[in-house]
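In case you want the letters, here they are:
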Amino acid sequence: MARKKIVAGNWKMNKNLFEGKQLVEDILHSGIELRDDVEVVIAPPFISLEMTASLIKDRKGFFLAAQNCHQEKSGAYTGEISAEMLKSVGVDYVILGHSERREYFGETDAVLAKKVDTVLAQEMKVIYCCGEALQIREAGTQNAHIQTQIENGLFHLSEAAFKNIVIAYEPIWAIGTGLTASDEQAQDMHAFIRSLLAQKYGDAVAQSTSILYGGSAKPSNAAGLFAQPDVDGGLIGGASLVAADFAGVIKAR
Ligand code: PEP
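Now for a quick tour of the structure. (Residues numbered from 1 in each chain as written. Predicted model: local features only at pLDDT ≥ 70, side-chain atom pairs only at ≥ 80, totals over all residues. Heavy atoms only, no water.)

**Comments concerning the side chain of Gln67**
Looking at the element boundaries, Gln67 is found in the loop between strand S3 (62–66) and helix H3 (83–88). At 3.4 Å, the side chain of Gln67 forms a polar contact with the backbone oxygen of Pro44. If we ignore the near neighbours within four places in the chain, the residues touching Gln67 are Asn10, Trp11, Lys12, Met13, Ala43, Pro44, Pro45 and Ile95. (Helix = DSSP H or I, 4+ residues; strand = E, 2+ residues; numbered from the N terminus. Polar contact = N/O pair within 3.5 Å; in protein donor to acceptor, adjacent residues only side chain to side chain. Contact = heavy atoms within 4.5 Å.)

Now the structure itself:
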């Protein structure tokens, strides 16, 4: 089965409502022509979800993501947002396990496994992030590290549930640093992740799951990364905050 190609823009904690509206409008007016197998996903902060939903609703191929959600269904969790709330404003995808959530907010694989279940129960899709720190890459143990993150966060799922899972490989040493994994480093890790899926769920799941690369992807390096057979698209941080750059990455896909 052909895999979906996805370019997702993670705005992180950037852009107020007005700036965000301008950015979405600029992206929509940047002359992007999407092939049928390509999806563009926009992940603004919570306060801009509804606005973004209304701007993209008639644009084929554009989807909405949240950057996080709480693992419990509802209750006394002041300041948190539930999966059901996200669903109610039209969210299609939830990004889970971003390295910034793991590092600054103490999100463990166990918590993430619960969040994955909570999001899937609301019939939204998950973009599950994994990635290794520089010391791990330098020690050469990156494959074992990624395997643990994927097994702990996702491998409790059924084969059927996997149709709503997208994986994003984001080496931490490449996020926001200007350093990008080489095309070969990205391909090697993506092929390894796909082999894990094949061992656990079989070839059909492995071949139909989209695996995105994230880490300083931009118009100048996206084409090389996206040309790799197991790189199905990108999770884009910094370059998603400038419409022309985001459009440039999308066009590379
Ligand atoms: C990210 O945080 O998901 C990311 C890939 O950021 P950047 O593109 O800025 O490295």
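**A look at the environment of Asn14**
Residue placement: Asn14 occurs in the loop between strand S1 (5–10) and helix H1 (17–28). Along the chain, Asn14 and Pro45 lie 31 residues apart, while their C-alpha atoms are 7.4 Å from each other. Not counting the four nearest positions on each side in its chain, Asn14 is found in contact with Pro45 and Leu241. Polar side-chain contacts of Asn14 include one of 2.8 Å to the backbone oxygen of Trp11.

**Brief notes about the pattern of salt bridges**
Evaluation of the coordinates by the stated rule reveals 15 salt bridges. Put simply, Glu100 and Lys12 hold a salt bridge, and the shortest N to O gap is 2.8 Å. One end of the pair, Glu100, is in helix H4 (residues 99–104); the other, Lys12, is in the loop between S1 and H1, with 88 residues separating them in the sequence. Note that Asp230 and Arg194 form a salt bridge whose closest N and O atoms lie 2.5 Å from each other. Residue Asp230 is located in the loop between helix H10 (219–226) and strand S8 (233–236), and its partner Arg194 is located in helix H8 (residues 183–201); the two are separated by 36 residues in the primary sequence. (Salt bridge = Lys/Arg side-chain N within 4 Å of Asp/Glu carboxyl O.)

**Structural notes on the sheet that holds strand S5 (residues 125–130)**
A barrel is described by the order of its strands in space; here eight strands give the closed sequence S1-S2-S3-S4-S5-S6-S7-S8, paired in parallel fashion. Looking at each pair of strands side by side, their axes are set apart by 25° on average, direction ignored. Across four bridges, S1 lies against S8 in parallel orientation. Note on S8: the bridge partner recorded for Val7 is Gly234. Seen against the sheet, helix H5 (residues 109–121) touches strand S4 (93–96), S5 and strand S6 (165–169) and runs at an angle of roughly 160° to S5. (Pairing = 2+ DSSP bridges. Axes fitted to C-alpha atoms, helices over the stretch in contact; angles between N-to-C directions.)

**As for the site of the ligand**
In the region of the ligand, 14 residues are neighbours, and Lys12, His98, Glu170, Gly176 and Ser216 sit closest. Residue His98 places a side-chain N or O atom 2.7 Å away from an oxygen atom belonging to the ligand. One of the backbone N or O atoms of Gly237 is found 2.8 Å from an oxygen atom in the ligand. In terms of residue class, the shell around the ligand is built from four nonpolar, eight polar and two charged. (Near = heavy atom within 4 Å. Nonpolar A, V, L, I, M, F, W, Y, C, P; charged D, E, K, R; others polar.)

**Remarks on helix H2 (residues 49–56)**
Every buried residue belonging to H2 is among Leu49, Met51, Thr52, Ala53 and Ile56, and all of these are buried. Elements that come into contact with the buried residues of H2 comprise H1, strand S2 (38–43), S3 and H3. (Buried < 20%, exposed > 50% of the residue type's maximum accessible area, 1.4 Å probe, protein only.)

**Here we look at the packing of aromatic side chains**
This model, assessed by the stated rule, comprises four aromatic pairs. Measuring from ring centre to ring centre gives 6.5 Å for Phe63 and Tyr93, while their planes differ by 90°; the resulting arrangement is edge-to-face. Of this pair, Phe63 sits in strand S3 while Tyr93 sits in strand S4; the two residues are 30 residues apart in sequence, bridging distant segments of the chain. A residue is classified by how much of its surface remains accessible, and Phe63, at 25% relative accessible area, is partly exposed. (Phe/Tyr/Trp six-rings, centres within 6.5 Å; stacked < 30°, edge-to-face > 60°.)

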